[in-house]
Amino acid sequence: MTFPPFMEDIYPKNLLYAVTIRSPAAKGKLRSIYVSPLPDDYLLITAKDIPGENRLENTRMPILADNVISYIGEPVAIILGPDKTRLEELAAKCKVIADEEEPVFNCTDKNAAAEITREIIIGNTKEIFESSGKITTGSYTTGIQDHWYAEPAGAVTWWAKQKTTDKSVNNKKTSSTLVVRTATQWPHHVKRSVVRALKIDPGAVSVEPTALGLHMDGKLWYPSLLACHAALGTYITKKPVRFILTSEEDFLYTTKRCQTNIDITCSIDENDNINAASIEIAVNLGAYGVYGEEILEQVCLGCLGFYDFKNLILTAKAMVTNLPPQGAFCGFGMTQGLYAAERCISQIADMLGHDPALWRMNRVNTSLISPVLPAVKKNTSGEELIKYAVKISDYHRKWASNELLRQSRMGKTIEGEKPRGIGIAVGYQSNGLLCPEDENSSYSVEVTLTKDSCLEIKSSITSSEDYQKIWEKIAMETMSIEAGMVRIVSADSPDCGPSCSSRNITLITKLVEKCCLAIRKQRFRDPLPITVRRSAKPAEGTLRNGSWKVKDITSLARPGLAAAVVEVSIDLVECLPVIRGVWLAVDCGKIISANRAKRNLTRSITQALGWAFTENIEYKDGVIPKIQYDNFSIYPQHESHPIHVEFFPGDKSEPKGAGELPFTCIPAAFMQAVSQAMDHDFNSIPLKKKDIWEMISRTNLKIEQEQK
């Protein structure tokens, strides 16, 4: 297999560069774009130059703002030219004039528009709250997180001539194809968006993905926008266009993990069980609410967690604001919901004086954790998974020891001491999306056994070279084909859907296996080549269909499960948590490549810790201040603390998702560990130095007042 290049390595001849002209206003009406006279070979493109529909596929997001402006930095025009330095100088002189309106940046603002709402009502929550003797409340905020990219987002486009044969007259013709090179998780979304914008035949567009690298679901739909910009330039000028954002532009304007505010109130009965819960969810989608329904559904499902609520009222709102569009991220929102649910559970256990692990073991609803799979005879229960995590981490001993130390300090900080804490949390991830783009469509894989006995797999997945090895292994096991005789072809491949939510390792890999089995049955009775295509329809929306009848993870296809334990100590001088160890117990079903699974999980653990306490991004009046770009740092990949990933010895009949599991449980376990160490409930992530410093200062002030 030839691995795709990075966009930085692609330089077609006679190319033009492209630079974006952006809106200076967060909200308003676009009046005019002032541009000084452009030299020859330089061109300004606006929304009026778009021959087709000014909208990305399956969204309300315009390719170039035409009349309405919705966020600072929104693309309103593109300048093309042969000299990049000169181009940037010309772009700096452009002025965008707009009639500004009052913007909304926060999802809790009373003027924020609710794009999507959800509500679940079970039982009689109000009556139970009125008669309850124990009530717990908590507000849980999850912050923005940036994606980790090997290179900034962008696209390179050009016209390529190709010869075709008209069989009816036995005549060769030359036609032109618009080639689009971009790093995308969803090549067919790019293609459909370009076709829609340019109003051209789909057969005249070829999307060839470049090296994707580490993306954390940040390249799901945003590359389609940049591809449309570059393709529009090539369509108009007939020249190659190279359009790659600067690192600063990428940081400021590309999609981020959306912020959520979740309030949970629980009533506790005489047996220390939750007998009623009220959950209020607010999600900031930014402008245009791109894939907001999917994000909100996942947040809601995560908030329900592993616990059976007999009485529940859940209200959720996804708000459209004047921030740049906030996109999908690892977990799509499931991670934010599970963080709130698991922090709430730990706080309830603390309030009642119980070990949070034991409290969970006795109350997780096993029926919600067991996937409904006919082939599975024995499913992993939540209790088994928690016990396994407790065992490999020596959790009970450490928790009891830390509790004794915490109680002996009585809120005081001792000079030279490094308080310790340990936390536990459980999580799961879905495989695929809850709200398919088109319920009537299907995702396909095509496999051909050629005349020279090579196995050619046509697939549009773009995640990594690992699937070459995984599918080679399947071909070797099912058809006795040597590893070097397997080829993955992306050109003109059927639509496999987006490479996200572990779809590649579950759904797509299963389709490849089905194709191989079908070819095995035909190979000795039918002449070569043999081509087989297998398809799967998108799963039915889990939480929608109006009534929310299905509201637990049993409806998810092969969900992966995990329990995490995180141990920390607190450096009271630096006001920093120091990770002493991370343990992750994973039930991911059949493991096709143990090394790959462990490597990806270890990397995701590091990224989840970064979200929890080092990666702080905050919009100020609709923009990320430049100082945050200059000082932004990610959690280092090679810290000295030990990370232990153990696979639960459960059912191995089917592969389950695993890559996003650390995001669903590591942050909540980390925050519980810090809360035990500091004897204070911290609920918002990312945790900042300032939060710890303020806690220490309040404690010291209280001690001084008591001494007086």
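Residues numbered from 1 in each chain as written. Predicted model: local features only at pLDDT ≥ 70, side-chain atom pairs only at ≥ 80, totals over all residues. Heavy atoms only, no water.

Student: Pulling in residues and values, what's your account of the pattern of salt bridges?
Tutor: Pairing between side chains of opposite charge can happen when the charged atoms of each approach one another. For the coordinates displayed, the defined rule picks out 31 salt bridges. Of the charged contacts in the structure, one is a salt bridge between Asp-66 and Lys-48, with a shortest N-O distance of 3.9 Å. Taken together, the residues Asp-66 in the loop between β3 (43-46) and β4 (68-69) and Lys-48 in the loop between β3 and β4 connect sequence positions 18 residues apart. On the accessibility criterion, Asp-66 (41% relative accessible area) is partly exposed. For Glu-293, the salt bridge goes to Arg-118, with nearest N and O atoms at 3.0 Å. Here Glu-293 is found in helix α6 (residues 292-304), whereas its partner Arg-118 is found in strand β7 (residues 113-122), with 175 residues between them in sequence. Among the charged side chains, a salt-bridge network with shared partners connects Glu-53, Arg-55, Glu-57, Arg-192, Arg-196 and Asp-495. (Salt bridge = Lys/Arg side-chain N within 4 Å of Asp/Glu carboxyl O. Helix = DSSP H or I, 4+ residues; strand = E, 2+ residues; numbered from the N terminus. Buried < 20%, exposed > 50% of the residue type's maximum accessible area, 1.4 Å probe, protein only.)

Student: Provide a residue-level description of helix α8 (residues 356-363), including the pertinent values.
Tutor: Of the residues making up α8, those classed as buried are Pro-356, Ala-357, Trp-359, Arg-360 and Met-361. Elements in contact with the buried residues of α8: β14 (274-286), α7 (334-352), α10 (382-393), α11 (395-409), β16 (420-429) and α16 (661-678). Among the residues of α8, the N-terminal cap falls to Asp-355, whose side-chain oxygen and the backbone nitrogen of Ala-357 are separated by 2.8 Å. (Contact = heavy atoms within 4.5 Å. Polar contact = N/O pair within 3.5 Å; in protein donor to acceptor, adjacent residues only side chain to side chain.)

Student: I'd like a rundown of a positive patch on the surface, residues and numbers included.
Tutor: Side chains of Lys-514, Arg-520, Lys-521, Arg-525 and Arg-534 sit close together on the surface and give a patch of like positive charge. Considering every element that reaches the positive patch, the biggest residue donor is helix α13 (residues 504-522), with three residues. Among the structural elements, Lys-521 can be located in helix α13. Given a relative accessible area of 62%, Lys-521 falls into the exposed group. (Patch = residues over 30% accessible without salt bridge, like charges linked within 9 Å, V, L, I, M, F, W, Y side chains within 5 Å. Areas by Shrake-Rupley, 256 points an atom, 1.4 Å probe, with all protein chains shown as cover. Lys, Arg positive; Asp, Glu negative; His and termini not counted. Charge placed at Lys NZ, Arg CZ, Asp CG, Glu CD.)

Student: Describe in detail unusual backbone geometry, supporting the description with residues and values.
Tutor: Most peptide bonds take the trans configuration, and most residues that are not glycine carry a negative phi. A cis amide bond links Leu-528 to the next residue, Pro-529, at an omega of 0°. Tracing the backbone shows Pro-529 in the loop between α13 and β20 (530-536). The peptide bond linking Ile-685 to Pro-686 adopts the cis configuration, its omega dihedral lying at 5°. If you check the backbone angles, Tyr-291 has positive phi at about 50° while not being a glycine. Among the structural elements, Tyr-291 can be located in the loop between β14 and α6. The phi dihedral of Ser-480 is positive, around 55°, even though this residue is not glycine.

Student: Describe in detail the confidence of the model for the chain, supporting the description with residues and values.
Tutor: In the predicted model, the chain carries a mean pLDDT of 86, and the fraction of residues at 70 or more is 89%. Note that pLDDT drops below 50 for residues 368-378; the model gives that stretch 25 contacts with residues more than four away or on any other chain. The low-confidence segment residues 541-555 (pLDDT under 50) makes 41 contacts with residues lying over four places distant or belonging to another chain. (pLDDT = per-residue confidence, 0-100.)

Student: Just give me the short version of the sheet that holds β4, but keep the residues and values in it.
Tutor: With antiparallel pairing, the three strands of this open sheet are ordered in space as β4-β2-β6. Either end of the sheet is taken by a strand with one partner, and the two such strands are β4 and β6 (95-100). Two strands pair when backbone bridges link them, and strand β2 (residues 28-34) and β6 are joined in this way by six bridges, in the antiparallel orientation. Its bridge partner being in β6, Leu-30 is matched across the sheet by Ala-98. (Pairing = 2+ DSSP bridges.)

Student: Now, about the nonpolar core: what can you tell me, with residues and values included?
Tutor: The nonpolar side chains of soluble globular proteins are, as a tendency, buried together. In this structure, Ile-281 and Phe-670 are the most contacted members of the largest nonpolar core, which totals 107 residues. Once residues within four sequence positions are removed from consideration, Phe-670 is found in contact with Val-566, Val-568, Pro-577, Ile-579, Leu-609, Ala-612, Phe-613 and Leu-687. Counting residues in hydrophobic clusters, the runner-up holds 54 residues, among them Ile-144, Trp-186, Val-190 and Ala-287. (Core = buried A, V, L, I, M, F, W, Y, C linked by side-chain atoms within 4.5 Å.)

Student: Describe the pairing of strand β17 (residues 443-449), listing the residues and the values that go with them.
Tutor: By the criterion of burial, β17 is predominantly enclosed, with seven of the seven residues buried. On β17, burial covers both faces: Tyr-443, Val-445, Val-447 and Leu-449 on one face and Ser-444, Glu-446 and Thr-448 on the other are all buried. Looking at chain direction, β17 and β20 are connected through seven bridges and run antiparallel. Paired with Glu-446 across the bridge in β20 is Arg-533.

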